[in-house]
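The chain contents come next:
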Amino acid sequence: MTEPDGELLGPTVHRQLRHLVLSGELAPGAPLSVLALSARLGVSRSPVREAVQQLISEGLAVTVPHAGARVAVVDDARIREVLAVRAVLDGLAAACAATRLTESDLGKLTALLTTQERHLRDNSDPARDTELDLEFHTFIRDRAGNATLAAELARLEAQAHLYRGDLWAHPRNRSTALREHRRILDALESGHPGDARAAAEAHVCGLITRLDRR
Ligand SMILES: [Zn+2]
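Residues numbered from 1 in each chain as written. Predicted model: local features only at pLDDT ≥ 70, side-chain atom pairs only at ≥ 80, totals over all residues. Heavy atoms only, no water.

A. Geometry of the overall build of the protein. Tallying secondary structure elements over the protein gives nine helices and two strands in all. Moving toward the C terminus, one meets the helices and strands of the protein in the order α-α-α-β-β-α-α-α-α-α-α. Taken against the 2.2 N^0.38 rule, which gives 17 Å for 214 residues, the C-alpha radius of gyration of the protein at 18 Å falls within 12% of a compact globule. Once the C-alpha set of the protein is aligned to its principal axes, its extents read approximately 50 × 40 × 35 Å. Contacts in the protein between residues far apart in sequence, at least 24 positions, make up 73% of those at least 6 positions apart. Between the averaged position of the 27 positive side-chain charges in the protein and that of its 29 negative side-chain charges there is a distance of 3 Å. (Helix = DSSP H or I, 4+ residues; strand = E, 2+ residues; numbered from the N terminus. Rg over C-alpha atoms; globule rule 2.2 N^0.38 Å. Contact = heavy atoms within 4.5 Å. Lys, Arg positive; Asp, Glu negative; His and termini not counted. Charge placed at Lys NZ, Arg CZ, Asp CG, Glu CD.)

Structure below.
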C-alpha cells in the first residue's frame, strides 16, 4: 500500500473519521477500533490512532475502560449543557468578529448562507446541513481573533451535532435556523458588536427552545 507522507495523511484520516462520526455513519456509542478503521480507510494504524486521539480531545469520542474508544453519546442533559455554554461563547465570537470582518469575508459568509438556503429548498441530505452549519459558525469564530475561544467553540459545536433526534433535521427547525443565520450576518454587516452578540446568542438560545418544545 502506498501512502502519502505522514504529514498529509494525518489530517486526511482525521477529516474522514470526523465525517463518519458527524454524519452518523459511526453512531454514538459505536466502537472506534483502530484495526477495523485502518482496514476501512485503507491506511496504516498509526494515523488512525492519532485521529482517534484527536476525536477524543475534540469531545467527539471517549475512552471506555477495558473497551477502548467509542463515539461519544450526547444525550438530552448533555446537549442542554453544551448549548448553554455555546450561546455565550458564540455571542462573544460574533461580537469580536463584527469589527474584524473584511468585505471579502462578508462576501464569503453571504455565499455560504445562500448555499445553505438553496440546500434547504432542495431538501437534500441533512448530513450536508450539519457541515454547512459548522462552516458558517467556524468561519465567524476563526475571524474573532481569539484562538482559545475558537478551540473551545470547535469542541462544543461538534458535540452539539452529535446529538441525534429531529432537532436538526425537522424542516421547520432548519428554516428557522437559517433565518437566525441571516440575522447574524446582517448584524455582522452592520459592524455593531452588541448586535452581533445578541443575534448569535439568540440563534443558540433558539436551538434550546426548539429542544424544549418537542
Ligand atoms: Zn447555526
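B. Representation of the side chain of Asp-105. Along the polypeptide, Asp-105 turns up in helix α5 (residues 103-122). According to the relative accessible area criterion, Asp-105 is buried, its value standing at 8%. (Buried < 20%, exposed > 50% of the residue type's maximum accessible area, 1.4 Å probe, protein only.)

C. Local environment of the packing of aromatic side chains. In total, this model carries zero aromatic pairs according to the counting rule given. Sitting over the face of the ring of Phe-139, Arg-143 holds its NZ or CZ atom 4.0 Å from the ring centroid. (Phe/Tyr/Trp six-rings, centres within 6.5 Å; stacked < 30°, edge-to-face > 60°. Lys NZ or Arg CZ within 6 Å of the ring centre and 35° of its normal.)

D. Local environment of α5. With 20 residues, α5 should cover 28 Å at 1.5 Å per step; its first-to-last C-alpha distance of 29 Å lies within 8% of that length. Within the sequence span of α5, burial applies to Asp-105, Leu-106, Leu-109, Leu-112, Leu-113, Gln-116 and His-119. Angular distribution of buried residues about the axis of α5 spans 145°; they occupy a single face of the element. Turned more than 90 degrees away from the buried face of α5, the exposed residues are Glu-103, Arg-121 and Asp-122. (Expected span 1.5 Å × (residues − 1). Arc of directions from axis to C-beta.)

In short, geometric facts, not functional conclusions.
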